[in-house]
Structures are given as structure tokens and as C-alpha cells.
Amino acid sequence: MPKLTNNPLSDPSNWSPETQLVHGGSRRSQFNETSEAIFLNSGYSYPTSQHAEDIFTHKIAGHNYSRFANPTLDMFQDRMALLEGAEAARAFASGMSAVTNAVMSQVRAGDHIVAARALFGGCRYVVEDLMPRFGVASTLVDGRDPANFQAAMRPNTKVVFVESPTNPTIELVDIKAVADIAHAHGARLIVDNVFATALFQHPLKLGADLVTYSTTKHIDGQGRTLGGIVLGSKELIEGDVHTLLRQTGPSLSPFNAWLLLKSLETMPLRVEKMTSNAARIADYLEGHPKVARVAYPFLKSHPQHELAKRQMANGSTLMAIDVKGGREAAFKFSDALSVILISNNLGDAKSLITHPGTTTHQRFTEDVRLESGITPGLLRLSVGLENVDDLIKDLEFGLEQI
């Protein structure tokens, strides 16, 4: 008896995110495996020379080289696109290769970029140092006020680039307002959505044109593999994004794509629990006498709390902690922790803490760091899956050492 096809759930767009992340994009071979197959091959053979020509000229669908595409990568890209609500996606070997491609693919010599000044160090390097080498000027603004983007726009502005929440200061950007400004000037908005995750914030629905992730973070979330992804419309992804990926080669390996597929199955469980832990910890730290400030989007004390509630479904897993006593106190605090590890990664199952001023943003001058809100006592905490009471005890002990 043939399988019925009139079930509404035969359409993946009708699935909830949890179901999409278990089943989305799956393709089974003739062996009908339940876990997605890993296609660890670089090239493909063709039954005829005409078949090869037709694939290379896009007359028929198929694969010709794993630098361009691979069946395991196809499954990962399609699953992420389903979750993000994107028409298409391309995976990369790292988060920074994804960001670099997203920005570089959309500009040409003589163009101009406007970006929020509060960015991850590597992202700011791409905008502020790398792109001007290719004749693309950039202007950095305080991203908390959309009016600053409006004032910075030029006739040749082609890209606006933001993170929200920002790394590491947990500032927010009004994505919809900035998207409207960008589009009114004929520019495209690129949003790095790593901190919020695709579970809690949907930049494409808010007007963004491209969304980037370091899949190393919450998507893998277990410290095993590097990766990145860019998502958006078919026009942008299958056009300039794919062309630059194809010609420069920062391709994700099939094995890493398979690991990420497996990670997506548990991502909602992990991120929800990590977020619950983070909210408890933010509440605890906010009232501590040795903490000058806690920045967490869903704390009422966050200056952009109303914006957070409007464009995010939850506060996610990251917070900034500014301890009293500057760098010396921050070091004493971090060094005394036992369960929480000192590491510059984030979004991991393990809780991680880092001092941005001496790690992720150390190459900037003190003036630039302070302008971006990175004070000497600022620490970035990525909350993991450990027992939250253990984490609070660990933090309490660390603060006692200041």
C-alpha cells in the first residue's frame, strides 16, 4: 500500500523548530539509514560526458566537486535554512570565513560599508582593516541608536553590518529599524545572529538580507568542530555568496557538516537549558556588591530591555559582567573558578568565561575598547549545561576572592 501524502506534516514548513532540527533536509540513500550519511568524497563520476557537461552548465541537478557542494553539506544547509526561514544557505569552514564571504560578496571597489562599532574583534577587522585594502571604505557607528546609521549612509553605501546582541558588551541593535534605513538607501543588511541564535531571533523576518553564524558556537555547542553558515534569499546565496565560496574555497568538510547535523537535533534542548541557567545567574550577579553591572537582554535593568523583548524570544546564553576593581579583580575572579573554564569560545555545553580586553579584543587600543564599552573589569560569560546551583556557587567563590 503506497504511503499517504496528504498529511499536512509531509510539508516541513509546517513543522515546529524542534521537529525541523531532527528531520529537516534529510536525504536517505538506497540503504534507508536513519542517521544521515557522510559523503566523504571530493569528486563525482558521470555516466556520460554529456551528463558531465549538463551538470557543469546547470541543465540538470547534481554534484561535480565537493568544493562547490556535497550531499552531506546539502542536508545541513537545508536544515538550517528551514529553521531560519531562509530560501538558501551556504556552509563554510569557520564562522569568520562565513562573515568575510557575506560582507565581501556584496561589495565592490568604490563601495562603502556602515557597521556598528561593537563587534567581535575578527568581524571588526574585516570591516575596518581588510575591506579598505580592496577599495571599500567603512564607517563605524554606535549601533544602539538607528539614527547613527542614517547619518552615516552615503550614496555608495552597499552594506550595513551588525551583531545583536553584540560581542562582548551585549548591546542591541534595532534590526527592523536599521533594515528599513539600509533598504531606503539601496543597501543590504547583514546580521551576525550568533548570540541570539536562530531559536530566539529571526533577522530575516525583521528585514535583514543575509544572516551569518559561527556554527562552532550553539549549533555545534560541544567544542568539537569549526564551521560557519550564511543564509538568505536564493538570489543572494546562489549568486555572489556561492560564486565567492566556489572560487576561494573555504568549504566546510563533509564530516564537520555531519557533526553539525547531529548537533542540531539537540540544539533546542541545550540552548533552552543554557538560557534558563543564564537567567538565574544574571539575577544572582546583578545584586552582588562586587559586581558593578550585568548586561543580559532580559534583565529589566538592561537599557534596551524593551527592544530585547520585542525582537528576541528569550535572553539566550551570554552575558557581560563588569566587576569592581578592573583588570586585577577580573583576573582574580576568573582564576578562582573551578567549574567554569577560562576560554574565548562561547555557546558551549561547558560554561566559559573570558576577559575580552586581553583576549578577543586585545589588539585594539584602550580608547577603542572603552569607546565600545569594553572596560578593564568586563568579563564575558557563556553559560553552559551544568547544574545552575553549582555554577552560582563557583561564581560566588570567585567573587569572594576579589
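Now for a quick tour of the structure. (Residues numbered from 1 in each chain as written. Predicted model: local features only at pLDDT ≥ 70, side-chain atom pairs only at ≥ 80, totals over all residues. Heavy atoms only, no water.)

A closer look at helix α5 (residues 121-130)
What α5 keeps buried is the set G121, C123, R124, V126, V127 and L130. Looking at the buried positions of α5, the neighbouring elements they touch are α4 (95-104), β2 (112-116), β3 (137-141), β4 (157-163), β5 (188-192) and α14 (366-371). (Buried < 20%, exposed > 50% of the residue type's maximum accessible area, 1.4 Å probe, protein only. Helix = DSSP H or I, 4+ residues; strand = E, 2+ residues; numbered from the N terminus. Contact = heavy atoms within 4.5 Å.)

Section: the nonpolar core
With 35 residues, the main nonpolar core has F76, M80, Y213, I219 and L231 as its most contacted residues. Listed by contribution, the elements that provide at least two residues to this core are α3 (71-84), β1 (88-92), α8 (197-200), β6 (210-214), β7 (228-232), α11 (254-286) and β9 (318-323). Those residues within four positions of I219 in sequence are excluded, and the remaining contacts are F76, M80, Y213, L260, S263, L264, M267 and R270. Counting 25 residues, the second largest nonpolar core, distinct from the first, contains A282, L285, L337 and I340. (Core = buried A, V, L, I, M, F, W, Y, C linked by side-chain atoms within 4.5 Å.)

Focus on the sheet that holds β2
Reading across from one edge, β1-β7-β6-β5-β4-β2-β3 is the order of the seven strands in this open sheet, with mixed pairing throughout. At either margin of the open sheet sits one strand with a lone partner, and together these are β1 and β3. Ignoring strand direction, the axes of neighbouring strands in this sheet form an average angle of 20°. Alignment of β2 against β3, held across five bridges, turns out to be parallel. Residue I113 lies in a different strand from β3, and its bridge partner there is S138. On top of the sheet, α3 reaches β1, β6 and β7; it is set at about 125° to β1, its chief contact. (Pairing = 2+ DSSP bridges. Axes fitted to C-alpha atoms, helices over the stretch in contact; angles between N-to-C directions.)

Here's the deal with empty space enclosed by the protein
Applying the stated criterion to the full structure yields three cavities of 30 Å³ or more. Looking at the largest cavity, its volume works out to about 60 Å³. In this structure, the largest cavity is lined by 13 residues; those nearest its centre are R117, L119, H361, S372 and I374. Among the residues forming the lining of the largest cavity, the class breakdown is six nonpolar, four polar and three charged. (1 Å grid on protein atoms, 1.4 Å probe; cavity = no way out; pocket = protein on both sides within 12 Å on 5 of 7 lines; lining within 4 Å. Points joined across faces, edges and corners; volume = space filled by probe spheres on them. Nonpolar A, V, L, I, M, F, W, Y, C, P; charged D, E, K, R; others polar.)

Digging into the pattern of salt bridges
Where charged atoms from two side chains of opposite charge approach closely, those side chains can pair. In the structure shown here, the tally under the stated rule is 17 salt bridges. With a closest N to O distance of 3.3 Å, R108 and D240 form a salt bridge. Highlighted residues: R108 in the loop between α4 and β2 and D240 in helix α10 (residues 234-248), separated in sequence by 132 residues. A salt bridge links R224 to D220; its shortest N-O distance comes to 3.0 Å. Linked through salt bridges whose partners overlap, the residues forming this network are R117, D142, R144, E171 and E371. (Salt bridge = Lys/Arg side-chain N within 4 Å of Asp/Glu carboxyl O.)

Section: the pairing of β9
By the criterion of burial, β9 is predominantly enclosed, with six of the six residues buried. Taking every second residue as pointing to the same face, both faces of β9 are buried, with L318, A320 and D322 on one and M319, I321 and V323 on the other. Where strand β8 (residues 291-295) and β9 come together, four bridges link them in antiparallel fashion. Bridge pairing in β9 places A295 opposite A320. As defined by bridge partners, β9 adjoins strand β12 (residues 378-382) across five bridges and the pair is classed as antiparallel. Bridge pairing links A320 to R380 in β12.

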